[in-house]
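Letter by letter, the chains look like this.
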Amino acid sequence: MTRETKAYLVHLFTAIGAVCAMLAMLAAVEEKWGLMFLWLVVAFVVDGIDGPLARRYDVKANAPQIDGVLMDLIIDYLTYVFIPAYALFKSGILPDWTGWLAIIVIVFTSALYFADTRMKTKDYSFAGFPGCWNMVVIVLFATDPNFWITLGIVVALAVAMFTPLKFIHPVRTERWRAVSLPLAMAWTGFAGWAAWEDFHPGSWAQWGIVATSTYLLFAGILQQLIPARVRPA
């Protein structure tokens, strides 16, 4: 199999995320929230794998007719932003005007952020909160906090998109990757577990998802506060 063929197969693999988005949306319309998040977790796994594959097989050089970055952004907006925002509104977690405010804030600010050419830092982290609303909303479903707390979290993270705060990419950010990558994989497992159990309030999955989410949310900010050690020449 040639490298060109492998590169095109990577694009086909990335496109699976669009199928997951449609299946998640269909589940959301029927208010099957556990099933919806299971499909979003599958899309999250695809998104985590396709990047390393794309770099390995150099899809820009070997399959240039398809813009993998653009396709990835389209799918990410659906699975990271649009569908989770719909779920947050339709589920009633944020009632009345708070739900309207949340979905407008989420989709508007995320559209601006996804188009921002400055979103990546030199160490392949994100400058500002990267619009991972799928990760945020699944934690809200699992923990069911007071709606004022939920609204506060949404507004704070929307504002954080446009700040110099750093948020790690668990695969590409080299610093602390030995911790970040296993915890990101653990988060995926806990998220799938919580969704599979339809967010049962007594499940250990909710504690696991909160613990791993806390690390992934604040690791980049801690890296800004704790200077990296300079390796001797």
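Predicted, not measured: the structure shown is a model, and the values here were computed from it.

Conventions we followed
- Residues numbered from 1 in each chain as written.
- Predicted model: local features only at pLDDT ≥ 70, side-chain atom pairs only at ≥ 80, totals over all residues.
- Heavy atoms only, no water.
- Core = buried A, V, L, I, M, F, W, Y, C linked by side-chain atoms within 4.5 Å.
- Buried < 20%, exposed > 50% of the residue type's maximum accessible area, 1.4 Å probe, protein only.
- Helix = DSSP H or I, 4+ residues; strand = E, 2+ residues; numbered from the N terminus.
- Contact = heavy atoms within 4.5 Å.
- Patch = residues over 30% accessible without salt bridge, like charges linked within 9 Å, V, L, I, M, F, W, Y side chains within 5 Å.
- Areas by Shrake-Rupley, 256 points an atom, 1.4 Å probe, with all protein chains shown as cover.
- Salt bridge = Lys/Arg side-chain N within 4 Å of Asp/Glu carboxyl O.
- 1 Å grid on protein atoms, 1.4 Å probe; cavity = no way out; pocket = protein on both sides within 12 Å on 5 of 7 lines; lining within 4 Å.
- Points joined across faces, edges and corners; volume = space filled by probe spheres on them.
- Nonpolar A, V, L, I, M, F, W, Y, C, P; charged D, E, K, R; others polar.
- Expected span 1.5 Å × (residues − 1).
- Bend = angle between axes of the 7 residues up to and from the residue.
- Polar contact = N/O pair within 3.5 Å; in protein donor to acceptor, adjacent residues only side chain to side chain.

Caption draft 1: How the structure looks around the nonpolar core. Residues M36 and W133 are the most contacted members of the largest nonpolar core, which totals 57 residues. Those elements that place two or more of their residues in this core are α1 (3–29), α2 (33–56), α4 (68–90), α5 (96–114), α6 (133–143), α7 (147–160), α8 (177–196) and α9 (205–225). Excluding residues that lie within four positions of it along the chain, M36 makes contacts with A24, A27, A28, I83 and A87. Listed in part, the 6 residues of the second largest apolar core include A7, A54, V59 and A63.

Caption draft 2: Representation of a nonpolar patch on the surface in the model. Side chains of W97, L101, W148, V155 and V159 sit close together on the surface and give an oily, nonpolar patch of about 510 Å² of accessible area. With respect to the element layout, W148 can be found in helix α7. Residue W148 is classed as exposed on the basis of its relative accessible area, which comes to 51%.

Caption draft 3: The arrangement of empty space enclosed by the protein in detail. Scanning the model with the defined rule gives 2 cavities of 30 Å³ or more in all. Considered as a void within the structure, the largest cavity measures approximately 60 Å³ in volume. Lining of the largest cavity is provided by T14, G17, A43, V46, D47, D50, D72, I75, D76 and T79. Contributing elements (two or more residues each) for the lining of the largest cavity: α1, α2 and α4. Residues of the lining of the largest cavity, tallied by class, amount to 3 nonpolar, 3 polar and 4 charged. When its volume is computed, the second largest cavity comes out at roughly 40 Å³. Looking at the lining of the second largest cavity, the elements that each hand over two or more residues are α2 and α6. For the lining of the second largest cavity, the element with the most residues is α2, which contributes 3 residues.

Caption draft 4: Structural view of α9. The end-to-end C-alpha distance of α9, which contains 21 residues, comes to 30 Å, matching closely the 30 Å that a straight helix rising 1.5 Å per residue would cover. Along its length, α9 shows its largest kink, about 40°, at F218. Where α9 is buried, its residues meet α6, β2 (166–167) and α8.

Caption draft 5: Focus on the environment of T143. Within the secondary structure, T143 sits in helix α6. Taking the C-alpha atoms as reference points, T143 and Q206, 63 residues apart in sequence, are found 6.5 Å from one another. Those residues in contact with T143 that lie beyond four places of it in its chain are Q206 and V210. From its side chain, T143 meets the backbone oxygen of V139 in a polar contact 2.8 Å long.

Caption draft 6: Spotlight on the pattern of salt bridges. All chains considered together, the criterion is met by 3 salt bridges. A salt bridge links R118 to D116; its shortest N-O distance comes to 3.0 Å. By relative accessible area, R118 is classed as exposed at 62%. Measuring nitrogen to oxygen at the nearest pair gives 2.6 Å for the salt bridge that ties K166 to D123. Of the two residues, K166 is situated in strand β2 and D123 in the loop between α5 and β1 (126–127); the sequence distance between them amounts to 43 residues.

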